[in-house]
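# Commentary on secondary and tertiary structure
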Amino acid sequence: MKMLAFLSGELTNSSKYFSSFADVSNENANNINGTFGNKQTNLWKPWSYEHRLQVVKKVEAAKKSLDSKNLAVSTKRQKVTGLIGSLKSRQEFNPPLGKFIDKAHAEPLHLKNNACALVHRYFLEEVLKVSNLSKKISFSQLPANSQLVIYINTLKYKCCLSRLANKVVKFFDESGNDAKAFSYRFTGKDSREFLKHFMLLVDCLEPALENNTKSQFHFHVLAFLTLILRDCVSLFSRISISDEQVSSLSILCKQFFKLNVTFFNSSNPIVWTLGNVVPVHCKDLKAKYGMGLGLNSMEGRESKHVAIARYSSNISYQSRWEQIFMHEYISLL
């Protein structure tokens with residue numbers, strides 16, 4: 001999304017209108033009845049290229065006016081961003097990609113990883129709540145029957161998420177019970193293992209909850225939310241997808257969005273994009289190319305990828321990419 005904001009000539013994703021795909025703001029992002037599309041009835045609509053250029057002209061005029069005034073740089077910047085927000089836009093410069101920016105689509109890999117990181121934070125909040133750790137204590141001092149210890153052992157030995165488990169332990173020793181401040185960047189492997197084994201986490205936490213209580217109901221909602229996320233990821237990460245699966249994806253994404261807003265008071269860019277933009281973009285790619293949103297995935301394309309480094313050994317510099325692709329093709333066969 002940062003790359004897309006740069007290629008769009010827009011403000012960062014921390015702005016009031018946070019999405020490069022639609023005119024959604026922090027004020028209406030949690031509207032569970034809102035829809036995204038080009039129709040008149042849609043609450044959120046894609047940015048039009050003409051509107052982008054109109055906003056840029058007004059911003060450039062404002063910048064020229066501010067240059068003649070003796071103001072601090074931070075004050076000038078604040079006025080510029082305030083103007084862009086008042087114009088109900090996030091556009092500052094002409095898009096470097098030109099009209100091609102209208103063809104930008106949501107990218108599945110990082111959306112999947114960020115969504116899994118968000119849902120795991122919900123799990124961690126439940127664990128710390130059930131553990132009821134009131135005083136400052138290190139993880140090594142916890143008894144073996146502590147719910148947090150059981151949760152960490154499940155992550156490490158059953159879910160194959162030892163790196164995440166170690167990060168949680170380190171975070172707990174440093175910050176204590178503030179689960180909302182926990183931050184961990186999920187990789188594709190972490191997301192796959194988390195979605196594959198999340199019911200093991202549910203199974204280790206459920207016995208600690210009292211029957212027929214509000215906390216138990218909330219925890220069951222969390223388990224259902226993760227199940228919905230797993231099905232969403234399974235569908236929007238595919239290259240080959242049927243029309244029936246596209247329709248199912250629309251229903252699942254909307255459920256994910258509504259559950260987050262209703263029960264977890266969460267409507268951040270990750271939740272909003274997955275719930276509203278993903279099904280529309282997947283349907284668009286299916287109509288245009290007969291393929292799913294996985295066509296747009298960044299997975300396995302980073303320069304540090306192990307396979308590329310292996311293929312690039314012992315090759316000539318001038319024709320390196322031709323030889324790398326040829327090597328990859330033969331290896332796949």
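Since the structure is predicted, the reported quantities are computational estimates derived from the model, not experimental observations.

### Notes on the overall build of the protein
In terms of regular secondary structure, the protein is built from twelve helices and zero strands. The linear arrangement of helices and strands in the protein, starting from the amino end, is α-α-α-α-α-α-α-α-α-α-α-α. The dimensions of the protein, computed from C-alpha atoms along their principal axes, are 65 × 55 × 45 Å. Looking at the protein residue by residue over its 333 residues, the buried ones come to 43%. Taking all contacts inside the protein whose residues are at least 6 apart in sequence as the whole, residues at least 24 apart take part in 66%. Element-wise, carbon and sulfur atoms account for 54% of the exposed surface of the protein, whose accessible area totals about 18,800 Å². When the 44 positive and 27 negative side-chain charges of the protein are each reduced to one mean point, those points stand 4 Å apart.

### Some remarks on helix α3 (residues 73-86)
Here α3 contains 14 residues, and its C-alpha end-to-end distance of 20 Å stays within 8% of the 20 Å for a straight helix at 1.5 Å per residue. On its buried side, α3 packs onto α2 (49-67).

### Some words on α2
Counted at 1.5 Å a residue, the expected span for α2 with its 19 residues is 27 Å, and the 27 Å between its end C-alpha atoms agrees. Looking at the packing, one finds that the buried side of α2 touches α1 (2-8) and α3.

### So, the pattern of salt bridges
Applying the stated criterion to the full structure yields nine salt bridges. Measuring nitrogen to oxygen at the nearest pair gives 3.3 Å for the salt bridge that ties Lys16 to Glu27. Residue Lys16 is located in the loop between α1 and α2, and its partner Glu27 is located in the loop between α1 and α2; the two are separated by eleven residues in the primary sequence. Judged by relative accessible area, Glu27 falls into the exposed class, the value being 61%.

### Thoughts on the packing of aromatic side chains
As enumerated under the stated definition, the model contains twelve aromatic pairs in all. Taken together, a centroid distance of 4.3 Å and an interplanar angle of 10° make the contact between Tyr122 and Phe264 stacked. With Tyr122 in helix α4 (residues 108-131) and Phe264 in helix α9 (residues 243-264), this pair connects stretches of sequence that are 142 residues apart. Assigned by exposure class, Tyr122 and Phe264 land together as buried. With a centroid separation of 6.3 Å and an interplanar angle of 90°, the aromatic rings of Phe123 and Phe219 are classed as edge-to-face. Taken together, the residues Phe123 in helix α4 and Phe219 in helix α8 (residues 214-236) connect sequence positions 96 residues apart. Overall, the relative accessible area of 0% leaves Phe123 in the buried class. Ring pairs connect the aromatic residues Phe123, Tyr184, Phe186, Phe194 and Phe219, which therefore count as one cluster. Above the ring of Tyr317, the side-chain terminus of Arg320 is found at 4.3 Å from the ring centroid.

### Focus on the packing of helix α7 (residues 188-205) against α8
The N-to-C vectors of α7 and α8 enclose an angle of 170°; their axes lie 10 Å apart at closest approach. The orientation of α7 with respect to α8, classified from their angle, is roughly antiparallel. Side by side, α7 and α8 meet where Phe194, Leu195, Phe198, Leu201, Val202 and Leu205 of the first sit next to Phe219, Ala223, Thr226, Leu227, Leu229, Arg230 and Val233 of the second. Of the residues belonging to the contact of α7 with α8, the class tally is eleven nonpolar, one polar and one charged.

Thresholds applied
Residues numbered from 1 in each chain as written. Predicted model: local features only at pLDDT ≥ 70, side-chain atom pairs only at ≥ 80, totals over all residues. Heavy atoms only, no water. Helix = DSSP H or I, 4+ residues; strand = E, 2+ residues; numbered from the N terminus. Buried < 20%, exposed > 50% of the residue type's maximum accessible area, 1.4 Å probe, protein only. Contact = heavy atoms within 4.5 Å. Areas by Shrake-Rupley, 256 points an atom, 1.4 Å probe, with all protein chains shown as cover. Lys, Arg positive; Asp, Glu negative; His and termini not counted. Charge placed at Lys NZ, Arg CZ, Asp CG, Glu CD. Expected span 1.5 Å × (residues − 1). Salt bridge = Lys/Arg side-chain N within 4 Å of Asp/Glu carboxyl O. Phe/Tyr/Trp six-rings, centres within 6.5 Å; stacked < 30°, edge-to-face > 60°. Lys NZ or Arg CZ within 6 Å of the ring centre and 35° of its normal. Axes fitted to C-alpha atoms, helices over the stretch in contact; angles between N-to-C directions. Parallel < 35°, antiparallel > 145°, perpendicular 65-115°, else oblique. Nonpolar A, V, L, I, M, F, W, Y, C, P; charged D, E, K, R; others polar.

Geometric values such as these leave the question of function open.
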